[in-house]
Amino acid sequence: MKLGIVGLPNVGKSTLFNAITKAGAESANYPLCTIEPNVGVVAVPDERLKVLTEMYNAKKTVPTAIEFYDIAGLVKGASKGEGLGNKFLGHIREVAAIVHVVRCFEDPNVVHVDGKIDPLNDIETINMELILSDMEVLERRIQKTTKNLKGDKSLQSELDILKRLADFLAEGKSARAMDMTDDEAEFVKSLDLLSFKPIIYAANVSEDEAGSKEDNEFVKQVREFAATEDSDVIVVCAKIEEEISQLEDDEKEMFLEELGIEESGLDKLVKASYHLLDLISFLTAGEPEVRAWTIKRGTKAPGAAGKIHTDFERGFIRAETIAYDKLIECGGNLATAKEKGLVRSEGKEYIVKDGDVMHFLFNV
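What you see is a predicted model; the values in this text were computed from it and never measured.

Visitor: Would you mind going over the pairing of strand S1 (residues 2-6) with me for this structure?
Guide: The side chains of a regular strand alternate, residue by residue, between the two faces of the sheet. Of all five residues making up S1, four are buried, and the element is well covered by its neighbours. Summarising the sheet, S1 and strand S5 (residues 97-103) pair through four bridges and their orientation is parallel. The partner of isoleucine 5 across the bridge, within S5, is valine 99.

Visitor: Help me out: how do you make sense of unusual backbone geometry in this one?
Guide: Trans is the prevailing form of peptide bonds, just as negative phi is the prevailing case for residues other than glycine. Unusually for a residue other than glycine, aspartate 192 sits at a positive phi of about 60°. Counting through the fold element by element, aspartate 192 comes out in the loop between helix H6 (182-190) and strand S6 (199-204). A residue is classified by how much of its surface remains accessible, and aspartate 192, at 32% relative accessible area, is partly exposed. Phi is positive for aspartate 230, which is not a glycine, with a value near 60°. Note on placement: aspartate 230 falls in the loop between helix H7 (217-229) and strand S7 (232-236). Since its relative accessible area comes to 72%, aspartate 230 is described here as exposed.

Visitor: Help me out: how do you make sense of the pattern of salt bridges in this one?
Guide: Pairing between side chains of opposite charge can happen when their charged atoms approach one another. Within this structure, the stated rule accounts for 20 salt bridges. A salt bridge links glutamate 320 to lysine 338; its shortest N-O distance comes to 4.0 Å. Remark: lysine 338 occurs in helix H14 (residues 334-339) and glutamate 320 occurs in strand S10 (residues 316-323); sequence separation between them is 18 residues. Assessed through its relative accessible area of 24%, glutamate 320 is described here as partly exposed. Under the relative-accessibility criterion, lysine 338 is labelled partly exposed at 46%. When the shortest N-O distance is used, the salt bridge between glutamate 329 and lysine 326 registers 4.0 Å. One end of the pair is glutamate 329 and the other is lysine 326, both in helix H13 (residues 324-329) and three residues apart, which spans about a single turn. With relative accessibility at 56%, the residue glutamate 329 sits in the exposed group. Lysine 326 gets classed as partly exposed once you look at its relative accessible area, which sits at 33%.

What counts, and where the lines are drawn
- Residues numbered from 1 in each chain as written.
- Predicted model: local features only at pLDDT ≥ 70, side-chain atom pairs only at ≥ 80, totals over all residues.
- Heavy atoms only, no water.
- Buried < 20%, exposed > 50% of the residue type's maximum accessible area, 1.4 Å probe, protein only.
- Helix = DSSP H or I, 4+ residues; strand = E, 2+ residues; numbered from the N terminus.
- Pairing = 2+ DSSP bridges.
- Salt bridge = Lys/Arg side-chain N within 4 Å of Asp/Glu carboxyl O.

None of the figures reported here should be taken as evidence of function without further support.
In structure tokens form, the structure reads like this:
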């Protein structure tokens with residue numbers, strides 16, 4: 001799973017990236033200090049793995065992971081190549097979803113590229129560059145489909161949605177905000193439009209406001225806009241996240257508690273990412289290894305088996321399955337769980353649930 005972190009220069013993008021990945025990406029108080037995207041692989045926090053590891057005295061623990069791409073600060077004109085814009089837009093095209101960092105704090109010591117703090121204007125600047133890039137893609141596709149329509153009248157419905165989408169983008173609205181049927185959405189997804197990618201808005205607040213239970217006016221503006229796209233918003237303080245990243249786990253909890261922060265920005269971002277991309281995790285556990293595997297919600301048992309190895313999917317027979325909480329109730333003892341009827345033998349049509357602990361049986 002790849003997520004691209006985007007935003008205008010100096011909004012806290014690279015600082016947040018540093019914090020969640022501990023990768024030490026360059027962070028400077030001037031535009032365009034990041035050109036090639038820095039990449040950080042982040043282990044997804046999952047307390048269930050810790051419990052299972054201790055229960056089975058496992059030799060190895062492997063969490064699932066998310067890749068974050070710190071994409072250079074976009075500027076107006078990026079879709080026309082301003083500020084190496086085409087290169088940056090190409091990097092966005094490679095990710096599954098976007099994390100748009102929006103500055104929601106005042107600080108005279110940190111330069112804003114437009115000289116003032118205006119979250120909605122910042123969002124519009126980034127979104128418009130993605131929209132303009134998409135409009136070029138649509139223009140070419142409309143020309144091609146119009147030409148092919150002469151020999152294939154069945155393309156009319158495709159042309160209709162392309163034109164409707166082009167008109168919608170021309171209003172300055174992102175493709176993800178347009179109402180469409182499931183079939184239309186599947187077709188639009190195939191176009192690989194930048195403004196159709198799912199997005200999380202990360203409202204970056206000051207250290208003084210990090211533990212506040214109430215949103216400041218800037219964050220409220222971001223939430224109101226995100227609601228028009230049905231997008232998620234998380235509130236983070238990149239500076240505090242950077243400090244947290246330097247601490248040990250037990251120190252982190254104390255530090256967050258002192259600040260009145262319920263969970264770290266990383267935890268918020270991971271939860272929002274899973275929700276955004278409709279992902280869940282199933283688990284495999286034993287003495288050799290405890291591991292989490294990420295799949296799309298709705299995946300059937302053979303598809304889950306294929307995440308481990310393609311041979312598992314091809315030769316799938318059945319999956320011995322138990323819910324995580326039920327396994328914990330039995331102290332990790334599968335024999336006891338089987339006696340109580342808690343271990344199920346699931347076939348090819350079984351839809352895997354979050355927290356399923358699974359053992360796959362297959363033919364080689």
